[in-house]
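Breakdown of the fold
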Amino acid sequence: MPVLINKEVIEKCQAGDREGFRALFEAYRERVYGIALYFAGDTASAKDVAQEVFLKLFTCIKQYRGDASFDTWLYRLVVNCCIDERRKRRRFLPLDFLLGRTSMERDAATEHNHLRVEISDVVQLAVQKLKPKLRVPIILRYVEELSYEQIAAVLGCSQGTVASRLNRAHRALARRLGHLLDRTASGRTASEKSHVV
Amino acid sequence: MWSRHIRRELSAYCEGELQEELTHRLRDHIRICRRCRKQHEEVSRGVLLARHLRRPLCELTWGEIEQALLNPRQRVTPGRAYLSLRSRTLIATACLFVVIGYSLFHYFASGKNVDLDRYLTQVESSEPDLARQQIADAPPGFKDADEYAALRAAGIAQAAAEPPLVGYTLIRHRIGNVAGKEVSQLVYRGSNNSFAVFVAPHAVPFSFGKREIGSTTLDGIRCQHVSCTYTSALVFSAARFHCVLVSKSKDYKELAAIVRYFLSAHKASEGS
């Protein structure tokens with residue numbers, strides 16, 4: 001059940017009320033974690049980023065003046081945190097290759113092996129491989145279901161720029177995973193035929 | 001008619017984000033422009049794929065956040081294993097040292113071994129020393145230089161006439177200089193292997209540096225074994241001569257046959 005966030009809750013948080021923070025956390029945790037997971041690629045990093053976002057949110061919420069929508073302000077904070085985290089970790093070499101693949105990749109590979117490819121998992125992986133500049137609008141558009149106008153407000157750019165980036169991202173996805181649509185289409189045709197027979 | 005290409009607006013068009021008038025104009029353009037139609041197909045596929053994205057289930061709990069709030073420096077989640085830039089540099093340096101160390105070790109270790117191939121190549125490319133060498137002073141144990149030279153010539157003649165192993169031929173015999181001393185060198189080559197025998201009077205000692213030398217019995221023949229990694233080196237004595245056999249072969253029967261051949265050849269030449 002989503003918790004509604006109104007001005008009062010935000011004011012409570014600005015006053016340092018713990019229950020207010022909790023309400024805010026419950027209301028936004030899935031959105032924040034969702035963006036972080038798509039951006040970071042694995043659950044551990046996503047949890048780190050989401051945690052960082054909420055800690056930042058609780059310490060910086062006094063800076064929110066109410067000029068823009070709270071959602072937009074928060075999304076901007078999340079995107080900035082994700083980019084900061086990525087910048088920090090670029091200086092480090094992940095040891096996944098020693099420990100094995102990430103859980104998401106492993107799941108996708110297992111499913112692929114069992115010929116039960118979930119398109120959503122493969123698309124998730126493909127989105128993670130997009131450049132951050134293209135990845136963020138895609139996540140905000142399809143995971144958070146924001147409009148072009150809202151995405152532009154979060155990213156601080158024009159709607160034309162958002163449209164252009166989404167265009168490039170869509171084409172990149174189509175080039176990488178277009179074959180999946182053909183396969184599902186042919187699979188569907190085959191199953192329809194079998195039903196007819 | 002819409003004449004401008006519409007690449008930027010294609011995503012918004014596919015998702016119905018454009019105003020109605022603009023949507024109509026774009027539809028008309030796509031109908032007549034092949035390039036934009038192709039791109040539209042591609043973007044439509046991308047949109048279809050992107051619509052499969054869904055929000056994942058959140059694994060973060062309020063308890064973890066509370067804990068992090070109480071202790072901001074400590075991260076609740078274990079995180080991924082990472083190597084810092086400094087650690088990476090250290091590991092790379094360590095790897096470099098290991099590689100350099102291994103190369104140096106290999107270089108020096110192989111340098112201690114008798115490089116028979118290289119030796120044989122050198123011997124083959126050099127002129128054979130068939131002329132009888134004038135020796136001013138006879139080595140101790142010989143009456144005079146002539147006796148020493150005669151024995152040496154007889155030994156070489158026999159070695160050339162009848163090789164110690166079937167399939168081998170004497171490819172070079174020459175008076176070489178080993179550590180400033182005159183030594184007869186006989187080089188045999190077969191189809192798969194080669195070996196060299198150095199023959200010198202007892203008065204001309206062989207030196208093997210710091211190599212370990214142990215006594216061994218080869219098919220009933222007492223001889224000394226010089227430690228070499230890739231080659232077999234055996235020292236054996238016959239009357240007034242002693243010899244060193246250097247071979248890449250580790251087949252002890254083959255080595256024993258060569259040693260026996262030289263021992264009997266020496267006995268025969270001494271007898272004559």
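Residues numbered from 1 in each chain as written. Chains lettered and ligands numbered in written order. Predicted model: local features only at pLDDT ≥ 70, side-chain atom pairs only at ≥ 80, totals over all residues.

**Concerning the overall build of chain B**
Going by this rule: In this description a helix means any DSSP run of H or I spanning at least four residues, a strand means any run of E spanning at least two, and both kinds are numbered starting from the N terminus. Three exposure classes are used. Buried residues have 20 or more other C-beta atoms within 10 Å of their own C-beta, exposed residues have 12 or fewer, and partly exposed residues fall in between, all C-beta atoms being placed from the backbone. Here contacts are defined at the residue level, using C-beta atoms placed from the backbone and a cut-off of 7 Å between them.
From N to C terminus, chain B includes 8 helices and 8 strands. Expressed as a percentage of the 272 residues in chain B, the buried residues total 25%. For chain B, the share of sequence-separated contacts (at least 6 apart) that also reach a separation of at least 24 residues comes to 51%.

**Looking at the overall build of chain A**
Tallying secondary structure elements over chain A gives 10 helices and 1 strand in all. Tracing chain A from N to C terminus, the helices and strands come up as α-α-α-α-β-α-α-α-α-α-α. The buried share of chain A, reckoned over its 197 residues, is 38%.

**So, the packing of helix α3 (residues 43–60) of chain A against helix α4 (residues 62–70) of chain B**
The following threshold applies: Note on method: axes are straight lines fitted to C-alpha atoms, helices fitted across the in-contact stretch only, with angles between N-to-C directions ranging 0 to 180 degrees. For classification purposes, angles smaller than 35 degrees are called roughly parallel, those larger than 145 roughly antiparallel, those between 65 and 115 roughly perpendicular, and all remaining angles oblique. By convention the crossing between two helices is left-handed if the near helix lies anticlockwise of the far one by an angle smaller than a right angle, and right-handed if it lies clockwise.
One can describe the packing of α3(A) onto α4(B) by two numbers: an axis separation of 10 Å at closest approach and a directional angle of 60°. The pairing of α3(A) with α4(B) is recorded here as oblique in orientation. As α3(A) runs across α4(B), the sense of the crossing is right-handed. Contacts between α3(A) and α4(B) involve A:Q51, A:F54, A:L55 and A:F58 from the former and B:E64, B:I65, B:A68 and B:L69 from the latter.

**What about unusual backbone geometry?**
Of note, A:E145 is a non-glycine position whose phi angle comes to about 55°, a positive value. Among the secondary structure elements, A:E145 is positioned in the loop between α8 (132–142) and α9 (148–155).

**Observations concerning the nonpolar core**
Heads up, the rule is: Take the buried Ala, Val, Leu, Ile, Met, Phe, Trp, Tyr and Cys residues, join any whose C-beta atoms are within 7 Å, and the set you get is a nonpolar core.
A:A36 and A:V78 are the most contacted members of the largest nonpolar core, which has 71 residues in total. If you tally residues by element for this core, the top one is helix α2 (residues 18–40) of chain A, at 13 residues. Within the second largest apolar cluster, 27 residues are counted, among which are B:I156, B:V197, B:V199 and B:C223.

**Digging into the pairing of strand β7 (residues 232–238) of chain B**
Residue and element names in this part refer to chain B. Test applied: Only strands that DSSP links by at least two bridges are regarded as paired with each other.
Here 3 bridges tie strand β6 (residues 221–226) to β7, and the two strands are oriented antiparallel to one another. Bridge assignment links H225 to a residue of β7, and that residue is L234. The pairing of β7 with strand β8 (residues 241–247) spans 7 bridges and is classified as antiparallel. Its bridge partner lying in β8, S232 is registered against S247. In sequence, β7 turns back onto β8 through a hairpin of 2 residues, with A239 there showing a positive phi of about 50°.

**Focus on the packing of helix α1 (residues 7–14) of chain A against α2(A)**
Packed helix pairs are characterised by how far apart their axes lie and by the angle those axes make with each other. All names here are of chain A. This is how the line gets drawn: In the scheme used here, Gly and all other residues not listed as nonpolar or charged are polar, with Ala, Val, Leu, Ile, Met, Phe, Trp, Tyr, Cys and Pro taken as nonpolar and Asp, Glu, Lys and Arg as charged.
With their axes 7 Å apart at the nearest point, α1 and α2 run at an angle of 125° to one another. The orientation of α1 with respect to α2, classified from their angle, is oblique. In terms of crossing hand, the pair formed by α1 and α2 is left-handed. Residues V9, K12 and C13 of α1 form the contact with α2, whose own contacting residues are G20, F21, A23 and L24. Looking at side-chain class alone, the contact of α1 with α2 contains 5 nonpolar, 1 polar and 1 charged residues.

**A short note on helix α7 (residues 119–128) of chain A**
At 3.6 residues per turn, the α-helix brings residues three or four places apart onto the same side. What counts, and what does not: In this context, the arc is that of the directions from the helix axis out to the C-beta atoms.
Taken residue by residue, α7(A) has A:V123, A:Q124, A:A126 and A:V127 as its buried positions. Projected onto a plane normal to the axis of α7(A), the buried residues spread over an arc of 165° and lie on a single side.

**Some words on the pairing of β6(B)**
Residues and elements named next belong to chain B. Pairing geometry for strand β5 (residues 213–218) and β6, over 6 bridges, is antiparallel. Following the sheet pairing, L218 is matched in β6 by I221. The turn linking β5 back onto β6 is made up of 2 residues, and D219 within it adopts a positive phi angle of 55°.

**Comments concerning the confidence of the model for chain B**
Residue and element names in this part refer to chain B. Stated formally: Summary of the metric used: pLDDT quantifies the predictor's per-residue confidence within the range 0 to 100.
In this model, chain B carries a mean pLDDT of 75, and residues with pLDDT of at least 70 account for 74%. Element-level mean pLDDT values for chain B span from 56 in helix α6 (residues 116–125) up to 89 in helix α3 (residues 34–50). If you check the scores for this complex, the pTM reads 0.51 and the ipTM reads 0.75.

**With respect to the environment of B:G214**
All names here are of chain B. Tracing the chain through its elements places G214 in strand β5. Judged by the 8 C-beta atoms lying within 10 Å of it, G214 is exposed. The sequence separation of G214 and Q224 amounts to 10 residues, and the corresponding C-alpha distance is 5.5 Å. If we ignore the near neighbours within four places in the chain, the residues touching G214 are Q224 and H225.

**What about the environment of A:S164?**
Residues and elements named next belong to chain A. By the element assignment, S164 lies in helix α10 (residues 159–196). Under the C-beta neighbour-count criterion, S164 is labelled buried, with 20 such atoms within 10 Å. When the C-alpha atoms of S164 and L134 are compared, they prove to be 9.3 Å apart, with 30 residues separating the residues in sequence.

**Some thoughts on the confidence of the model for chain A**
Mean pLDDT for chain A: 76, with 75% of residues reaching 70 or above. Contacts from residues 95–101 of chain A, a stretch scored under 50 in pLDDT, to residues over four places away or in other chains number 8 contacts.

**Observations regarding the environment of A:D71**
Residues and elements named next belong to chain A. Of note, D71 is situated in helix α4 (residues 70–89). You can call D71 partly exposed: it has 17 C-beta atoms within 10 Å. Residues D71 and Q150, 79 residues apart in the sequence, show an inter-C-alpha distance of 9.4 Å.

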